[in-house]
Amino acid sequence: AQILKSGWTGANECTFIAVKPDGVQRKLVGEIVRRFERRGFKLVGLKLVKASENLLREHYWDLRTKPFFSGLIMYMSSGPVIAMVWQGSDVVKTVRKMLGETNPADSLPGTIRGDYCVEVGRNVIHGSDSVESAQKEIALWFGQSELQRWEQSSSRWI
Ligand code: UDP
Ligand code: MG
């Protein structure tokens, strides 16, 4: 699979999404996956993982000086997460819109955070904030052999 090495633009753009431990505990996985499927994006990787604190510290490296950092690492390592890679045109930006704002209180109804949570420290889902972050996060969470190249039969209708 050359998903990481080539074609990071247009229809081949990829993003990293994780259903956080609270989303898994609250049985929101199916509902969340359904939204990205229905939108027309292509699932190229998915796994249930208990993330190590080391992986999470790397994942949230940019936030390491924030007061909520250690609580964030505890929250994210408190149970399994669903780690996913989704592909499609403008998938990074579109997924961020579908998530809503970082703080659920600022998230509009219709967004995932606006529909399913109330606390910033329990905001059920992660999505990469840029194409560059997506590249780093996908490489951190997935091996090449875990990413599938496949033709979705519906592609000409989407
Ligand atoms: N977070 C928090 N308190 C804050 C800001 C962020 O607990 O005041 C958590 C929250 O779970 C958020 C994560 O840290 O999703 C990463 O923060 P970021 O600013 O990157 O927000 P995101 O990209 O997830 O919207
Ligand atoms: Mg972020």
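Data block above holds the structure.
I will try to describe carefully the structure that is included in this document. Quick caveat: nothing in here was measured; it's all calculated off a predicted structure.

Before going further, it helps to spend a moment on the site of ligand 1. Around ligand 1, a shell composed of K20, Y60, L63, F68, L72, R96, T102, R113, V120, G121 and N123 is seen. Take V120: an N or O atom from its main chain is 3.2 Å from an oxygen atom of ligand 1. In this structure, an oxygen atom belonging to ligand 1 sits 2.8 Å away from a side-chain N or O atom of N123. Considered on its own, ligand 1 offers 500 Å² of accessible surface; in the complex 77% of this is hidden by protein. Among the residues forming the shell around ligand 1, the class breakdown is five nonpolar, three polar and three charged.

On to the packing of aromatic side chains. Summed over all chains, the structure comprises three aromatic pairs. Measuring from centroid to centroid gives 6.4 Å for F16 and F142, while their planes differ by 70 degrees, and the two rings are edge-to-face. Of the two residues, F16 is situated in strand β1 (residues 14-19) and F142 in the segment after α7 (131-141); the sequence distance between them amounts to 126 residues. This pair shows no difference in class: F16 is buried, exactly as F142 is. In this arrangement the basic side chain of K42 is found over the ring face of W150, its NZ or CZ atom lying 5.8 Å from the centre. One cation-aromatic arrangement involves K47 over F142; the distance from NZ or CZ to the ring centre is 4.5 Å.

This brings us to unusual backbone geometry. The phi torsion at K27 lies on the positive side, around 60 degrees, for a residue other than glycine. By the secondary structure assignment, K27 is in the loop between α1 (21-25) and α2 (29-39).

What counts as what
Residues numbered from 1 in each chain as written. Chains lettered and ligands numbered in written order. Predicted model: local features only at pLDDT ≥ 70, side-chain atom pairs only at ≥ 80, totals over all residues. Heavy atoms only, no water. Near = heavy atom within 4 Å. Polar contact = N/O pair within 3.5 Å; in protein donor to acceptor, adjacent residues only side chain to side chain. Areas by Shrake-Rupley, 256 points an atom, 1.4 Å probe, with all protein chains shown as cover. Nonpolar A, V, L, I, M, F, W, Y, C, P; charged D, E, K, R; others polar. Phe/Tyr/Trp six-rings, centres within 6.5 Å; stacked < 30°, edge-to-face > 60°. Helix = DSSP H or I, 4+ residues; strand = E, 2+ residues; numbered from the N terminus. Buried < 20%, exposed > 50% of the residue type's maximum accessible area, 1.4 Å probe, protein only. Lys NZ or Arg CZ within 6 Å of the ring centre and 35° of its normal.

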